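# Summary of the model geometry
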Amino acid sequence: MSRVFAHHGESRRPVVVGAAQLGPIQRDDSRDEVVARLIELLHQAHRRGVELVVYPELALTTFFPRWFETDISRADHWYETSMPNSSTAPLFDEAKRLGIGFCLGYAELTEPDANGSRHRFNTQILVERDGSVIGKYRKVHIPGHETNEPDRPFQHAERYYFEPSDEGFPVWRAFGGIVGMMICNDRRWPETYREMGLQGVEIILCGYNTPIHYVPDPSQDALQGFHNALVMQAGAYQNGTWVIGVAKGGVEEGVDSLAQSCIIAPSGQVVAQALTSDDELISAECDLDWCARYKETLFDFDRYRRPEVYTRLTSQRGVVRPS
Ligand code: CDV
């Protein structure tokens, strides 16, 4: 017998979430200047009763993969080698003082591994209200190109600057629910949401930097806002989860990037959206119990999914190419 939900919620698990959109960060802006902006958004969040603030992808610097640096070590200054560090400590301290958790994206340069190699990741961390780092996610889907493409109006050399993570999509028990993270291009792939959906995720935190001009196919430029909403609304609905999408938008070093940060309910509905392309906080009370209305009805995975059948048949059939 299926569960039937009352029109109004019987139980509630509310968490007030803020999407702290950033406007552009120019090349010469210092970490300290940027952190001051993050703290200003944190203060706005505090005034609104926000418990969890989500910042964009690569929130501490300009989007540096737009330039190609032949000697990659000359780009090391864009990366963080520890977290917190002297620049971000004021953010950690202020968030802890206010009792607000946060999610922060940055470029990570690891300590040498057993082979003496250092690794570069596009990373997001989840910080609890007591200032402890409880989760780290490294971007899986790395878009763009590996080598310099000088004919482009600007580079998108993420595949030169970052390794793809082989750690998948973990989820964490935090903020009264089950939290997952993804970064920018990850949001375009249905398996990102489904991998977390299969682990019961209730809220997915996502920072992004999306240039409006998509060099490989400019016909997509006018559709950037549509595609952004399309993928996150579909991912939320099909997995019964909240999705928090947070942009670094506006014209950064001459490159215009999509803003339109938004908070999406498990119904797929947008419940809050940024109006500007600048530093702007949007917020919403996210009732994590609302997820069950989708996870236990239309998207009851255990009851209705049949991957054991269709993945086997699809791999037997293989790819059919247009003739
Ligand atoms: N930072 C990104 O991952 N940006 C990509 C662009 C290159 C398409 C995105 O998916 O928005």
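The present account deals with the structure reproduced in this document. Everything quoted here is computed from the prediction, not taken from an experiment.

What follows covers helix H2 (residues 89-98). Turning to H2, its buried residues number three or more, namely Leu91, Phe92, Glu94, Ala95 and Leu98. Residues of H2 that are buried make contact with helix H1 (31-47), strand E3 (101-109), strand E4 (120-127) and strand E5 (133-138). Just downstream of H2, Gly99 is the residue with a positive phi angle, here 70°.

Further remarks concern a nonpolar patch on the surface. A surface patch of nonpolar side chains, amounting to about 270 Å² of accessible area, comprises Leu223, Phe226 and Leu230. Its location among the elements puts Leu230 in helix H5 (residues 224-239). Classification of Leu230 by relative accessible area gives partly exposed; the value is 43%.

Attention shifts here to the pairing of E4. With eight of its eight residues buried, E4 lies for the most part within the structure. In this structure, E4 lies alongside E5, joined through five bridges in antiparallel fashion. Across the sheet, Gln124 pairs through a bridge with Tyr137, a residue of E5. Two successive antiparallel strands, E4 and E5, enclose a turn made up of five residues, where Gly131 displays a positive phi of approximately 90°.

A few words on the environment of Tyr106. Structurally, Tyr106 is set in strand E3. Once the C-alpha coordinates of Tyr106 and Val171 are considered, the two residues, 65 residues apart in sequence, prove to be 19 Å apart.

Basis of the calculations
Residues numbered from 1 in each chain as written. Predicted model: local features only at pLDDT ≥ 70, side-chain atom pairs only at ≥ 80, totals over all residues. Heavy atoms only, no water. Buried < 20%, exposed > 50% of the residue type's maximum accessible area, 1.4 Å probe, protein only. Helix = DSSP H or I, 4+ residues; strand = E, 2+ residues; numbered from the N terminus. Contact = heavy atoms within 4.5 Å. Patch = residues over 30% accessible without salt bridge, like charges linked within 9 Å, V, L, I, M, F, W, Y side chains within 5 Å. Areas by Shrake-Rupley, 256 points an atom, 1.4 Å probe, with all protein chains shown as cover. Salt bridge = Lys/Arg side-chain N within 4 Å of Asp/Glu carboxyl O. Pairing = 2+ DSSP bridges.

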